[in-house]
Amino acid sequence: MTRAYNFCAGPAAIPEPVLQKAKEELLNWGSVGASIMEMSHRSETFLQIASEAEQDLRNLMHIPDNYHVLFLQGGASTQFAVIPMNLLRGKKKADYVRTGIWSHKAVDQAEAYCEVNLVTDTMDKGYNYIPDVASWNLDPEAAYFHYTPNETIGGVEFNFIPDTGDVPIVADMSSNILSRPINVSKYGLIYAGAQKNIGPSGITLVIVRDDLIGDTLDITPEPFNYYIQARDASLYNTPPTFAWYLTGLVFKWLKEQGGPEAMVEINERKAKKLYAAIDKTDFYHNDVKEDCRSWMNVPFQLQQKNLDTNFVTEAEENNLLNLNGWRTVGGMRASIYNAVPEEAVDALVAFMSEFERRYG
Ligand SMILES: *Cc1c(COP(=O)(O)O)cnc(C)c1O
């Protein structure tokens, strides 16, 4: 069996050595005589796996001690509601940047809990740029400022951290966490579903500064209360133990690769190769403004839309999987997360040029 190059946006590619290790350990973890899936989340073995995963992430991201790391469920979409429940802290308003479909969904859910101030909004212009910060309408009274550093569908990525004064920054890093070094201390809260740039679906990471938790809306269900989850080390109820374990294996793999400091160089090279292949011909195009093109998700269109299906099927025949764009957006999208090797991008670029030679 050959494993193909997988450009899926999520659940996405997982490093092969991680899958190998999980396979070896599937039936019998260590010498305990049972699978990790079959043991109590309160057993010594699982507690060890859980805390090692947290420690490895803390090391990889240099997370300061005054931040909690939570391993939760429900995906990033659940956090769209859980964030206002926890972070309004008696305030009535929150700042939101709307630069794509995911931040749009975050705004929609937040509106049920607070007054949303749209700091900047590119919905009318097709979500393909980030307006100059000089035009932003920040509210110094906002409980927090929310943005999506990498819009997975539009392929729009911030290359800077906004300056919001004393208002804590909340960032949905679902599709670019760990892709490059980030300064955690600039953020109040970082969250990410694991299934894009980490590994399996089922785990949602929340990294939150300790002074921001503990003052929730009265309606907050207990499993959604960051204070309770932090107090209980994310073991308030049964967590997805296997996904947590696999996430921990990915962190160990990342450490072996040299962490975000090493990944950023590979990721930049991969992205530049792919954008260069798109830009050098009219046969393909990407309409995201150059200063905010994503290094993780690269949407592109064929000039002749009637060739979309041929492109996707022939790519599959060449072991290049999941290149179709998002369901309502169409076109193509290559997600080139940490686990997608540079050879995969080289193979895609070669295929694109061969496809153009035959159809262009
Ligand atoms: C995929 C994605 C989500 C939604 O994640 P779920 O885990 O499916 O809820 C939210 N935000 C971003 C940026 C994403 O890429």
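Parameters at a glance
- Residues numbered from 1 in each chain as written.
- Predicted model: local features only at pLDDT ≥ 70, side-chain atom pairs only at ≥ 80, totals over all residues.
- Heavy atoms only, no water.
- Near = heavy atom within 4 Å.
- Polar contact = N/O pair within 3.5 Å; in protein donor to acceptor, adjacent residues only side chain to side chain.
- Areas by Shrake-Rupley, 256 points an atom, 1.4 Å probe, with all protein chains shown as cover.
- Helix = DSSP H or I, 4+ residues; strand = E, 2+ residues; numbered from the N terminus.
- Nonpolar A, V, L, I, M, F, W, Y, C, P; charged D, E, K, R; others polar.
- Domains from an automatic or database assignment.
- Contact = heavy atoms within 4.5 Å.
- Buried area = accessible area lost by both parts, 1.4 Å probe.
- Salt bridge = Lys/Arg side-chain N within 4 Å of Asp/Glu carboxyl O.
- Buried < 20%, exposed > 50% of the residue type's maximum accessible area, 1.4 Å probe, protein only.
- Axes fitted to C-alpha atoms, helices over the stretch in contact; angles between N-to-C directions.
- Parallel < 35°, antiparallel > 145°, perpendicular 65-115°, else oblique.
- Left-handed = near helix turned anticlockwise from the far one by under 90°.
- Pairing = 2+ DSSP bridges.
- Core = buried A, V, L, I, M, F, W, Y, C linked by side-chain atoms within 4.5 Å.

Trainee: So what's going on with the site of the ligand? Residues and values would help.
Mentor: Around the ligand, the structure places 13 residues, and the nearest of them are Ser77, Thr152, Asp172, Gln195 and Lys196. With respect to the ligand, the backbone of Ala76 contributes an N or O atom lying 3.2 Å from an oxygen atom. Here a nitrogen atom of the ligand and a side-chain polar atom of Asp172 are 2.6 Å apart. Bound to the protein, the ligand loses 87% of the 390 Å² it would expose on its own. With four residues, the top contributor of residues to the shell around the ligand is helix α3 (residues 75-87). Here the shell around the ligand is composed, by residue class, of three nonpolar, eight polar and two charged.

Trainee: Explain the domain arrangement of the protein to me, using residue names and the numbers behind them.
Mentor: Under the domain assignment, the protein is made up of domain 1 (16-257) and domain 2 (258-359). When each unit is reduced to the centre of its C-alpha atoms, the spacing between domain 1 and domain 2 is 26 Å. Counting residues at the interface gives 27 residues for domain 1, matched by 25 residues for domain 2. Counting each side, the surface lost to burial between domain 1 and domain 2 is near 2200 Å², with a carbon and sulfur contribution of 57%. Run the count over domain 1 and domain 2 and you get zero salt bridges. Between the two partners, domain 1 and domain 2, sit 17 residue pairs in polar contact (both at pLDDT 80 or more). Secondary-structure elements contributing two or more residues to the side of domain 1 that touches domain 2 are β7 (156-157) and α6 (241-257). A total of five residues in the side of domain 1 that touches domain 2 trace back to one element, the largest contributor, which is α6.

Trainee: Outline unusual backbone geometry, supporting the account with residue identities and numerical values.
Mentor: Of the consecutive residues Gly10 and Pro11, the connecting peptide bond is found in the cis state with omega at -10 degrees. Its place among the elements puts Pro11 in the loop between β1 (5-6) and α1 (16-25). For Leu178, which is not glycine, the phi torsion reads 70 degrees and is therefore positive. Structurally, the position occupied by Leu178 is in the loop between β8 (169-172) and β9 (189-193). Residue Ser234 is not a glycine yet carries a positive backbone phi of 60 degrees.

Trainee: Can you break down helix α8 (residues 308-317) residue by residue, with the values?
Mentor: Looking at α8, one finds that the buried residues are Asp308, Phe311, Val312, Glu314 and Ala315. Looking at the buried side of α8, the elements it contacts are β11 (284-285), β12 (297-302), β13 (320-321), β14 (332-335) and α9 (342-359). Count one or two residues on from α8 and you reach Asn319, which has phi positive near 65 degrees.

Trainee: So what's going on with the packing of α3 against helix α4 (residues 101-110)? Residues and values would help.
Mentor: Between α3 and α4, the least distance of the axes is 8 Å, while the angle of their chain directions is 45 degrees. One finds that α3 runs oblique with respect to α4. The element α3 and its partner α4 pack so that their crossing is right-handed. Between α3, through Ser77, Phe80, Ala81 and Pro84, and α4, the contact on the second element is made entirely by Trp102, Lys105, Ala106, Gln109 and Ala110.

Trainee: I'd like a rundown of the sheet that holds β11, residues and numbers included.
Mentor: Read across the sheet, three strands follow the order β11-β12-β14 without closing on themselves; strand pairing throughout is antiparallel. Edge positions in the sheet fall to β11 and β14, since each of these pairs with one other strand and no more. Bridge count between β11 and β12: two bridges; the pairing is antiparallel. Across the sheet, residue His285 finds its bridge partner in β12, namely Gln301.

Trainee: Residue-level account of the environment of Ala277, with values.
Mentor: Take Ala277: it is sitting in helix α7 (residues 259-279). Residues Ala277 and Asn150, spaced 127 residues apart in sequence, show a C-alpha to C-alpha distance of 21 Å. When near neighbours in sequence (up to four residues on either side) are disregarded, Ala277 contacts Tyr284, Val349 and Met352.

Trainee: Explain the sheet that holds strand β3 (residues 93-98) to me, using residue names and the numbers behind them.
Mentor: Pairing is mixed in the open sheet, where seven strands are placed in the order β2-β10-β9-β8-β5-β3-β4. Taken across any chain shown, the strands that pair with only one partner, and hence form the sheet edges, are β2 (67-72) and β4 (115-121). Each neighbouring strand pair of the sheet contributes to a mean axis angle of 15 degrees, computed without reference to strand direction. On top of the sheet, helix α2 (residues 44-61) reaches β2 and β10 (204-209); it is set at about 130 degrees to β2, its chief contact.

Trainee: Let's hear about the nonpolar core: which residues, and what values?
Mentor: Leu57, Ile177, Leu178, Ile207 and Phe251 are the most contacted members of the largest nonpolar core, which has 53 residues in total. When contributions to this core are tallied by element, the ones reaching two or more residues are α1, α2, β2, β5 (145-147), β8, β9, β10 and α6. Counting residues per element, this core draws most heavily on α6, at nine residues. Domain assignment of the residues forming this core places at least three in each of domain 1 (16-257) and domain 2 (258-359). Other than its neighbours up to four places away in sequence, Leu178 contacts Leu57, Leu60, Met61, Asn197, Ile198, Phe251, Leu254, Pro260, Met263 and Asn338.

Trainee: Go over the side chain of Gln195, please, and point to the residues and values.
Mentor: Relative to the helices and strands, Gln195 resides in the loop between β9 and β10. If sequence neighbours within four positions are ignored, Gln195 has contacts with Gly10, Pro11, Ala12, Pro200 and Ser201.

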